[in-house]
Amino acid sequence: DQQVKQNSPSLSVQEGRISILNCDYTNSMFDYFLWYKKYPAEGPTFLISISSIKDKNEDGRFTVFLNKSAKHLSLHIVPSQPGDSAVYFCAASVGGAQKLVFGQGTRLTINP
Amino acid sequence: ETGVTQSPTHLIKTRGQQVTLRCSSQSGHNTVSWYQQALGQGPQFIFQYYREEENGRGNFPPRFSGLQFPNYSSELNVNALELDDSALYLCASSPGGRREETQYFGPGTRLLVL
């Protein structure tokens, strides 16, 4: 039972353009959502999060949008840079940022 | 400030054996979580330790067990290894005590069961 789904295994975007990564969830009890980035041979690194009481959170080039009625969240990266090439994981939890349920990941490639 | 470290980096075992993986949490962190990441999948929560006590467990059988020590480092033990236990095992630490604290992940231990 995959409670958090990232339906796009990979995404290729030109440098300078917007990258949009999507994530869907099924458990309506989730109240906290996060995005992690992972480079090869490294552990996941926290990127940005959003509580279910909000529908948008921005941090520099990164913005996360939450649509609770659709059980959907997305990560926007503007502008995309070559260093953004990595695997991005969406994660969700109940009651905070612990005991995370992760999606399968989306490999983002930024082309020069 | 030292980040989360894990040892060993790679490990090969045979089916039926037992394995112990180790994690040193980031300085000042008293909460450690373990995740299993199978190939092509996202990390899956195994369990969490807070101040040496288990504080939540995912859908893993009892042959997955853990410990947290007074210095907040942690061990993950897996008994009676199965082929499906082949995965990247990630440890994450957080300061502890607040709901929305970020978890900081180590680089992982890659386990191969033959």
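Here, every reference points to the structure presented above.
Here is a short report on the structure shown in this document.

1. Structural notes on a nonpolar patch on the surface
Residue and element names in this part refer to chain A.
Reasoning step 1: Residues Ile18, Ile20 and Val78 make up a contiguous nonpolar surface patch of about 220 Å² in total accessible area.
Reasoning step 2: Residue position: Ile18 is located in the loop between strand 2 (10-14) and strand 3 (19-25).
Reasoning step 3: Residue Ile18 is classed as partly exposed on the basis of its relative accessible area of 41%.

2. Looking at the interface of chain A and chain B
Buried accessible area, meaning the area lost when the parts come together, often serves as the stated size of an interface.
Reasoning step 1: Of the residues lining the interface, 20 residues belong to chain A; the matching set on chain B comes to 23 residues.
Reasoning step 2: When chain A packs against chain B, the two sides together hide about 1,600 Å² of surface, and 52% of this comes from carbon and sulfur.
Reasoning step 3: Of all residues in chain A, Gln98, Lys99 and Phe102 of chain A give up the largest surface area on contact with chain B, accounting jointly for 34% of the area buried on that side.
Reasoning step 4: Linking chain A to chain B there are zero salt bridges.
Reasoning step 5: Applying the counting rule to chain A against chain B returns five residue pairs in polar contact (both at pLDDT 80 or more).
Reasoning step 6: Of all the secondary-structure elements, those providing two or more residues to the side of chain A that touches chain B are strand 4 (32-38) and strand 5 (45-51) of chain A.
Reasoning step 7: Top contributing element to the side of chain A that touches chain B by residue count: strand 4 of chain A, with three residues.

3. Thoughts on the sheet that holds strand 8 (residues 74-78) of chain B
All names here are of chain B.
Reasoning step 1: Taken in spatial order, the four strands line up as 1-3-8-7 in an open sheet, and their pairing is antiparallel. What marks the edges here is a single partner per strand, and that holds for strand 1 (5-7) and strand 7 (64-68). The mean inter-strand angle of the sheet, taken between neighbouring strand axes irrespective of direction, is 20°.
Reasoning step 2: Relative to strand 3 (residues 19-24), strand 1 is paired through three bridges, and the arrangement is antiparallel. Its bridge partner being in strand 3, Ser7 is matched across the sheet by Arg22.

4. So, unusual backbone geometry
Reasoning step 1: Following Val78 of chain A, the chain continues to Pro79 of chain A via a peptide bond in cis, the omega torsion being -15°.
Reasoning step 2: At the junction of Ser7 of chain B and Pro8 of chain B, the peptide bond is cis and its omega measures out at -10° in the coordinates.
Reasoning step 3: Among the structural elements, Pro8 of chain B can be located in the loop between strand 1 and strand 2 (10-13).
Reasoning step 4: Unusually for a residue other than glycine, Tyr72 of chain B sits at a positive phi of about 75°.
Reasoning step 5: For Tyr72 of chain B, the location among the structural elements is in the loop between strand 7 and strand 8.
Reasoning step 6: Judged by its relative accessible area of 26%, Tyr72 of chain B falls in the partly exposed class.
Reasoning step 7: For Ala80 of chain B, which is not a glycine, the phi torsion comes out positive at approximately 45°.

Scoring rules and cut-offs
- Residues numbered from 1 in each chain as written.
- Chains lettered and ligands numbered in written order.
- Predicted model: local features only at pLDDT ≥ 70, side-chain atom pairs only at ≥ 80, totals over all residues.
- Heavy atoms only, no water.
- Patch = residues over 30% accessible without salt bridge, like charges linked within 9 Å, V, L, I, M, F, W, Y side chains within 5 Å.
- Areas by Shrake-Rupley, 256 points an atom, 1.4 Å probe, with all protein chains shown as cover.
- Salt bridge = Lys/Arg side-chain N within 4 Å of Asp/Glu carboxyl O.
- Helix = DSSP H or I, 4+ residues; strand = E, 2+ residues; numbered from the N terminus.
- Buried < 20%, exposed > 50% of the residue type's maximum accessible area, 1.4 Å probe, protein only.
- Contact = heavy atoms within 4.5 Å.
- Buried area = accessible area lost by both parts, 1.4 Å probe.
- Polar contact = N/O pair within 3.5 Å; in protein donor to acceptor, adjacent residues only side chain to side chain.
- Pairing = 2+ DSSP bridges.
- Axes fitted to C-alpha atoms, helices over the stretch in contact; angles between N-to-C directions.

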